[in-house]
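Structural overview
Take a look at the letters that make up each chain.
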Amino acid sequence: MSGNAANGQAEDVAASRSGQSLGMKPTDITNPDYFHKVVDCQWACPAHTPVPEYIRLIAAGRYSDAYMVNWKSNVFPGILGRTCDRPCEPACRRGRVEEENLAKPEPVAICRLKRVAADYKGDIKQFLPKKGKPNGKKIACVGAGPASLTVARDLAPLGYQVTVFDQDPRAGGMIWSQIPRFRLPLEVIDEEVNYVLDLGVEFRGGVKIDSMKKLMGEGYDAIFVGSGAPRGRNLEIPGRKEGAANIHIGIDWLSSVSFGHTSKIGKRVIVLGGGNTAMDCCRTSKRIGGEDVKVIVRSGFDEMKASPWEKEDAAHEGIPILNFLVPKAFMTRDGKLIGMTFEKVKAVFDDKGRRNLIPTGEPAQFFECDDVLIAVGQENAFPWIERDTGIEFDESNMPVVDKTTMQSTVPNILFGGDSAFGPKNIIWAVAHGHDAAISIDKLINKEDVKDRPPPGVSMMSQKMGIHEWSYDSEIQNDARYKVPWADIKATLKNVKMEVELGFDVATAWKEAQRCLNCDVQTVFTDRLCIECDACVDICPMDCITFTANGDEKDLRTRLNAPARNATQDLYISGPLKTGRIMAKDEDVCLHCGLCAERCPTGAWDMQKFLLTMTDAGPGCRSRHQNKKAA
């Protein structure tokens, strides 16, 4: 040990003995949430899909196994592999550790790797659950979208008789009625929807539920409402009525295209709105006759609600997005729409950071058009739920729903997906469906619905030899691989031709290698540590520090590399032989295993952490109920 190191250690010991040792408590790694949070992608996923686990399976060519890991948690791997809003990717550690090295650090292509599992899997029907032995309980699901189908998927194998109602003739809800076929082929939808229906679920298509009271009187033990947010917001400005024949509500228009009722549009099209629906509208327009298609948004480009990749796809297809323009009027001539006028605005922020759009004073701008698609938001509509059923609604005319149990103020009537909390994404609807199914199962088994089941957790050492691990710990420096597209000349002529081709096997393997295996955790055993600092010396990210304890704010500044991201925890050991503690910054750890390889005493180990959520069924019930059932 060098003289400077020895002096530093002596100072740390002195500081510890002076009372700073009463700082942070040792990390409780038995708490499932601790390492779960370290797996940033899984923590960010509403359905908590074990992302690194299925990515490793893809790298090993085990596509069916990777698909089933996904299917258990998110139900629709092939659908979500094309359409998910990807909350996992902004959370991906890869983007953070590349921050200093690349101009535009990018996460692992988690979503598109999910599609790889779906594209290359074999026949997985043998791995799916079977219809359960009837338990005499009846469940009704209103709407056949992802939330209701998830409820059905979880409950049918338990013996519940699940009936799914939808006003449309086929199941899928907005998955098939509003997402264009060039993004999501019908055969993918049918395959994954049928995996659910084939569990013995009764689907009643073409049946519109128009009375909750009537449904409540039909003997169902529980009712789940997953009817989505079926009404698009209108835009009542001058000229709306006069130009009505050529002004369309975006989601209704997309449904009409999906149903085959609409097959053409005018050459000049304006799409109003900055969300993903607006992106679908403009790209669909381009394929059925729109030549001059533009998106016009009141906000700035970066403030648009559309996902960044959705905006990139529109730009790739030559569709301009015009920002900071507020619609003022639809212009008509002789009863026919000819264009729109807009007011130019700018964003001004007050001292609290709130944005206001202020007119610039420039002359109004006029754009010619033949058709306008309004995609400025969606609303919930519950005219079929009578207000004397006991279901309470808030000031926004939304049902009052418990965010944990998904129950309304009538305990056996639950809501999920867009119908519960407004428009979100498919993956959120799936998460709501899982939560609602647990509530229904516990409610019918006379259990405390608020007592939620803990997840299943396993930890397993990956050590196979002195310097050998059972996972590939080498860190790849490759940039994110791009998903290939079909020829744009062909795709813009065919509204049903899928644009993205997906990764081939070789590229999928290379992209999978970019994953940092964040679920393979660095586990520290303080009683084995001799404080030789070998792990400190070899750590490529300066994550590990041996120092005196202290309060968190102070300790974060005294690490070898200050830990500035307070949203990710520090890993704190118990007191070591010198009185110091080991503090590790989890935020930028590469999970490379070098600390464990270098440690001469085995104080560091690499252990795979696997967390799986507990779904409805015996696992979610109390010990008393399980013992009684046995």
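Rules behind the numbers
- Residues numbered from 1 in each chain as written.
- Predicted model: local features only at pLDDT ≥ 70, side-chain atom pairs only at ≥ 80, totals over all residues.
- Heavy atoms only, no water.
- Helix = DSSP H or I, 4+ residues; strand = E, 2+ residues; numbered from the N terminus.
- Rg over C-alpha atoms; globule rule 2.2 N^0.38 Å.
- Buried < 20%, exposed > 50% of the residue type's maximum accessible area, 1.4 Å probe, protein only.
- Contact = heavy atoms within 4.5 Å.
- Lys, Arg positive; Asp, Glu negative; His and termini not counted.
- Charge placed at Lys NZ, Arg CZ, Asp CG, Glu CD.
- Pairing = 2+ DSSP bridges.
- pLDDT = per-residue confidence, 0-100.
- Salt bridge = Lys/Arg side-chain N within 4 Å of Asp/Glu carboxyl O.
- Axes fitted to C-alpha atoms, helices over the stretch in contact; angles between N-to-C directions.
- Parallel < 35°, antiparallel > 145°, perpendicular 65-115°, else oblique.
- Left-handed = near helix turned anticlockwise from the far one by under 90°.
- Nonpolar A, V, L, I, M, F, W, Y, C, P; charged D, E, K, R; others polar.
- Phe/Tyr/Trp six-rings, centres within 6.5 Å; stacked < 30°, edge-to-face > 60°.

Here we take up the overall build of the chain. Helix and strand counts for the chain stand at 24 helices and 24 strands. Radius of gyration (C-alpha) of the chain: 28 Å, near the 25 Å computed for a compact globule of 630 residues. Once the C-alpha set of the chain is aligned to its principal axes, its extents read approximately 90 × 70 × 50 Å. Counting across all 630 residues of the chain, residues that qualify as buried make up 55%. Taking the contacts inside the chain whose residues are at least 6 apart along the sequence as the reference set, 72% of them involve residues at least 24 apart. Of the side chains in the chain, 81 bear a positive and 85 a negative charge, and the two mean positions are spaced by 3 Å.

Here the focus is the pairing of strand β20 (residues 520-524). Taken across its 5 residues, β20 has 5 buried, putting it largely inside the fold. Judged by which residues are buried, β20 turns out to be covered on both faces: Val520, Thr522 and Phe524 on one side and Gln521 and Val523 on the other are all buried. Here 5 bridges tie β20 to strand β24 (residues 604-612), and the two strands are oriented antiparallel to one another. Within the sheet, the bridge partner assigned to Val523 lies in β24 and is Asp605.

Before going further, it helps to spend a moment on the confidence of the model for the chain. The predicted coordinates should not be examined in detail at positions where pLDDT is low. Across the chain, the average pLDDT comes to 92, with 94% of residues at or above 70. Scored below 50 in pLDDT, residues 1-21 makes 24 contacts in the model with residues more than four places away or belonging to other chains. Taken as a whole, residues 626-630 scores under 50 in pLDDT and shows 2 contacts with residues more than four places along the chain or in a different chain.

Throughout the structure, instances matching the rule amount to 42 salt bridges. When the shortest N-O distance is used, the salt bridge between Glu317 and Arg287 registers 2.7 Å. Of this pair, Glu317 sits in the loop between α16 (308-316) and β9 (321-322) while Arg287 is found in helix α15 (residues 276-287), placing the two residues 30 residues apart along the sequence. Exposure class is identical for Glu317 and Arg287. Each is buried.

This next bit is on α16. In an α-helix there are 3.6 residues to a turn, and that puts residues three or four apart on one side. Looking at α16, one finds that the buried residues are Trp309, Glu310, Lys311, Asp313 and Ala314. In this fold, the buried residues of α16 make contact with α15 and β9.

The strand order β3-β2-β1-β4-β16 describes an open sheet built from 5 strands, whose pairing is parallel. On the outer flanks of this sheet lie β3 (202-205) and β16 (413-415), each paired with one strand and no other. Within the sheet, the average angular offset between the axes of one strand and its neighbour, ignoring direction, is 20°. Examined bridge by bridge, strand β2 (residues 161-166) and β3 share 4 bridges and lie parallel to one another. In the sheet register, Phe165 faces β3, and the bridge partner there is Arg204. Together, β1 (138-142), β2 and β4 (222-225) form the strand contacts of helix α10 (residues 146-155), whose direction differs from that of β1 by roughly 160°. Taken strand by strand, helix α18 (residues 426-444) contacts β1, β4 and β16, and its axis lies near 165° from that of β16.

Counted residue by residue, α10 has 10 buried out of 10 residues, so it is predominantly covered. Along α10, the residues that are buried comprise Pro146, Ala147, Ser148, Leu149, Thr150, Val151, Ala152, Arg153, Asp154 and Leu155.

Where α15 meets α16, the closest approach of the two axes is 10 Å, and the angle between their N-to-C directions is 20°. It follows from the interaxial angle that α15 and α16 lie roughly parallel. As α15 runs across α16, the sense of the crossing is left-handed. Of the residues in α16, those touching α15 at Asn276, Met279, Asp280, Cys282 and Arg283 are Glu310, Lys311, Asp313 and Ala314. Along the lines of polarity and charge, the residues of the contact of α15 with α16 split into 3 nonpolar, 1 polar and 5 charged.

Another point: the packing of aromatic side chains. Enumeration according to the criterion identifies 12 aromatic pairs in this entry. Taking 6.4 Å as the distance between ring centres and 90° as the angle between the ring planes, the aromatic pair formed by Phe165 and Tyr220 counts as edge-to-face. Here Phe165, found in strand β2, pairs with Tyr220, found in the loop between α13 (212-216) and β4; they are 55 residues apart in sequence, far enough to count as distant. Of the two residues examined, Phe165 and Tyr220, each falls in the buried class. Ring centres 5.7 Å apart and planes at 70° place the aromatic pair Phe342 and Phe367 in the edge-to-face group.

Another aspect to go through is the pairing of β4. Burial of the side chains of β4 extends over both faces: Ala222 and Phe224 are buried on one face and Ile223 and Val225 on the other. With 4 bridges connecting them, β1 and β4 associate as parallel partners. Bridge assignment links Ala140 to a residue of β4, and that residue is Ile223.

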